2 protein chains.
Amino acid sequence: MSPDRPAAEAHPESAWLNGRPASEVSIEERGLHYGDGLFETIACIGGRPRLLARHLARLAAGAERLGIGLDPSQVETEVRTAAAGQARAVIKVLLTRGRALARGYRATGGEIPTRITLRYGWPADHSTQAQGVRVRTSGVCLGENPRLAGLKHLNRLEQVLARSEWNDAQIVDALMFSSSGRLISGTMSNVFLVRDGALLTPRLERCGVAGVMRATVLALAGQLRLTATEAELDARDLAGAGELFLTNALIGIHAVRELDARPLAFGAVTQRLQHALELHLEEEAARG
Amino acid sequence: MSPDRPAAEAHPESAWLNGRPASEVSIEERGLHYGDGLFETIACIGGRPRLLARHLARLAAGAERLGIGLDPSQVETEVRTAAAGQARAVIKVLLTRGRALARGYRATGGEIPTRITLRYGWPADHSTQAQGVRVRTSGVCLGENPRLAGLKHLNRLEQVLARSEWNDAQIVDALMFSSSGRLISGTMSNVFLVRDGALLTPRLERCGVAGVMRATVLALAGQLRLTATEAELDARDLAGAGELFLTNALIGIHAVRELDARPLAFGAVTQRLQHALELHLEEEAARG
């Protein structure tokens, strides 16, 4: 284990396979052979999974697009059970097409989907980053495939390669561009730009993951009557942005204070959205 | 199991994990979570793995590009052991970065790579296809990523989606185009066009898998003094091809007799290459 990773985050504290404690999966898993599946990473605070409805809806939409059977209420029960009694934890859910019933890419349709629920300790570094983070741009591009765009699927080698480009623990993420030069996202986050008081975030029709926190921020922007647009953005848009922030289900909103050594303001729009998100998540938690 | 899949091919007859019999892998496998690994599919004939040197070289080159440790002699021993005494079999090797040592995309560098060796029965349908096969074109495109291009990695959702587009057992594969409209390959094969007596096959700098049979055919073409070019090809090149054939490590060379209901000749160049390949593989087998 590397010294900059706390032990709590290294391995899951608990793991379930189709609802039962387990530490292994079949060597014939199509998730292993092809990445034939999806995942969710869910923040659990005060014993409750945060933004669970959005996570379940995205998982269901992805399963439908990949033709993988899913009973969302099963996942909901398992995530709530895993979260119960945990002050702070991260729950990762994987849903795959299951054990292969034949060699080769073709699914027979008779596969039994695999649900994996893993609970990890809360990462120690997230709380220290409230005042802003450092980010770089990645040299690894994202291939474009409209059929996979938006999905949080298990084909993540592009992100693995991009994440291997730096070791500086002070840099939290890298922005990635598509093969046709469009700004898409971080390796593990979505990105928002602020220009003239309005929000811009990359369209995700060709690649990228449609994050649940991205959707939450877009909804909050509407409530705050901020103009928010999903747009085709490139490196010039990035260079021209007055404020920049990253979102994901664990970090919420992280202001980017430095991009490739260029300083950026922790601006008013970002602060306003952070505040609105905090209230929104508190309200959600109060509803239970 | 679907009726058009023989039982021998459905599940592995034998499975080894890092050299020991096993049926499961860790639930923390980076191969499962991210597709962080590579594979080879090797034909075994008369107790011997075919084109093994090429398979091992490609696996080693892929492991180097992904930064995964590999001792090719270990894989060689395991594949030879799995093949021994088998008249005909398929051996699939997976090499992954191993069990995750931390949550998230970042590899710590301390991971212990996972080697999986699976032996399957020989597919019953391959021998019936010697006189040519039917092929379609796929509506699923291949994303372009130079960093992953050529590798036989575990991110195969594009192929899974493409293979789900048809159920007709008479159609053996589908040709796929890149997101920028270039002809790349079949879902599980490389493709060659014959035009004016010369061979053309797609360049694989942006996507696609650099098949061992593709490399073998290119080498044989040189020996036969056929002009063979790796080129940027598109749908018009495909439409203008006089002969068309597919290659992979199991099928060797399959003449395409029908593409999307368009009949194609089982032409002289394809037949010449098939004959040369047969001799080449016999010589390799005789050398042991």
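Structure first, text after, so check above.
Residues numbered from 1 in each chain as written. Chains lettered and ligands numbered in written order. Predicted model: local features only at pLDDT ≥ 70, side-chain atom pairs only at ≥ 80, totals over all residues. Heavy atoms only, no water.

### Brief notes about the nonpolar core
Test applied: To define a nonpolar core, start from buried Ala, Val, Leu, Ile, Met, Phe, Trp, Tyr and Cys residues and group those joined through side-chain atoms within 4.5 Å. Burial classification: accessible surface area is computed with a 1.4 Å probe over protein chains only, and a residue below 20% of its type maximum counts as buried, one above 50% as exposed, and the rest as partly exposed. Labels follow the DSSP assignment, with helices taken as runs of H or I lasting at least four residues and strands as runs of E lasting at least two, numbered in each case from the N terminus. Here a residue-residue contact requires only that any non-hydrogen atoms of the pair lie within 4.5 Å.
Ranked by size, the top nonpolar core spans 34 residues in total, and within it A:Leu94, A:Ile116, A:Leu118, B:Leu94, B:Ile116 and B:Leu118 carry the most contacts. For this core, the secondary structure elements donating two or more residues are α2 (30-34), β4 (37-45), β6 (88-96) and β7 (114-121) of chain A together with α2 (30-34), β4 (37-45), β6 (88-96) and β7 (114-121) of chain B. Ignoring sequence-local partners within four residues, the contact set of A:Leu118 consists of A:Pro12, A:Ser14, A:Ala15, A:Val90, A:Ile91, A:Lys92, A:Leu94, B:Ile27 and B:His33.

### Notes on the pattern of salt bridges
When charged atoms on two side chains of opposite charge get close, those side chains can pair. All names here are of chain A. Note the threshold: Throughout this description, the term salt bridge denotes a Lys or Arg side-chain nitrogen within 4 Å of a carboxyl oxygen of Asp or Glu.
Overall, the coordinates contain 34 salt bridges over all chains when judged by the stated rule. Here Glu165 makes a salt bridge to Arg136, at a shortest N to O gap of 3.4 Å. Note that Glu165 is positioned in the loop between α5 (157-163) and β9 (171-177) and Arg136 in strand β8 (residues 133-137), a separation of 29 residues in sequence. On the accessibility criterion, Glu165 (29% relative accessible area) is partly exposed.

### A look at the relation of the copies chain A and chain B
Applied cut-off: The atoms used to superpose the copies are C-alpha atoms, taken from residues with pLDDT of at least 70 in both, and the fit is least squares.
Mapping chain A onto chain B calls for a screw motion: a turn of 180 degrees about the axis and a shift of 0.0 Å along it, with 0.0 Å RMSD after fitting. These values place the two chain copies in the arrangement generated by a two-fold rotation axis.

### Details of the environment of B:Glu111
Residue and element names in this part refer to chain B. This is how the line gets drawn: Two N or O atoms count as a polar contact when they lie within 3.5 Å, although within protein this holds only if one can serve as hydrogen donor and the other as acceptor, and sequence-adjacent residues are included solely when both atoms are side-chain atoms.
Tracing the backbone shows Glu111 in the loop between β6 and β7. Accessibility expressed as a relative area gives 10% for Glu111, which makes it buried. The spatial distance from the C-alpha of Glu111 to the C-alpha of Gly143 is 28 Å, given a sequence separation of 32 residues. Those residues in contact with Glu111 that lie beyond four places of it in its chain are Arg30, Arg97, Arg99 and Leu101. At 2.6 Å, the side chain of Glu111 forms a polar contact with the backbone nitrogen of Thr108. Within the structure, Glu111 has its side chain in polar contact with the backbone nitrogen of Gly109 (distance 2.9 Å).

### Side note on the sheet that holds β6(A)
All names here are of chain A. Threshold: A pair of strands counts as paired when DSSP detects no fewer than two bridges linking them. Throughout, an axis means a line fitted to C-alpha atoms (over the contacting stretch in the case of helices), and angles, computed between N-to-C directions, take values from 0 to 180 degrees.
In space, the 6 strands of this open sheet follow the order β2-β1-β7-β6-β4-β5, with antiparallel pairing throughout. At either margin of the open sheet sits one strand with a lone partner, and together these are β2 (20-21) and β5 (48-49). Alignment of strand β1 (residues 14-17) against β2, held across 2 bridges, turns out to be antiparallel. Note that in β2 the partner of Leu17 across the bridge is Arg20. The strands touched by helix α3 (residues 52-66) are β4, β5 and β6; relative to β4, the strand with the most contacts, the crossing angle is about 175 degrees.

### Observations regarding unusual backbone geometry
Of note in the backbone geometry, A:Asp260 takes a positive phi value of approximately 50 degrees without being a glycine. Here A:Asp260 is to be found in the loop between β15 (252-259) and β16 (262-263). Judged by its relative accessible area of 41%, A:Asp260 falls in the partly exposed class. Positive phi outside glycine occurs at B:Ala261, with the angle close to 75 degrees. Secondary-structure assignment places B:Ala261 in the loop between β15 (252-259) and β16 (262-263). Residue B:Ala261 is classed as exposed on the basis of its relative accessible area of 61%.

### Considering the sheet that holds strand β5 (residues 48-49) of chain B
All names here are of chain B. Taking strand neighbours across the sheet as the criterion, the 6 strands line up as β2-β1-β7-β6-β4-β5 in an open arrangement whose pairing is antiparallel. Of all strands in the sheet, those bounded by a partner on one side alone are β2 (20-21) and β5. Strands β4, β5 and β6 of the sheet are contacted by helix α3 (residues 52-66), whose axis makes an angle of about 175 degrees with β4. Across the sheet, helix α4 (residues 72-83) lies against β1 (14-17), β4, β5, β6 and β7, angled at about 20 degrees from β7, the strand it touches most.

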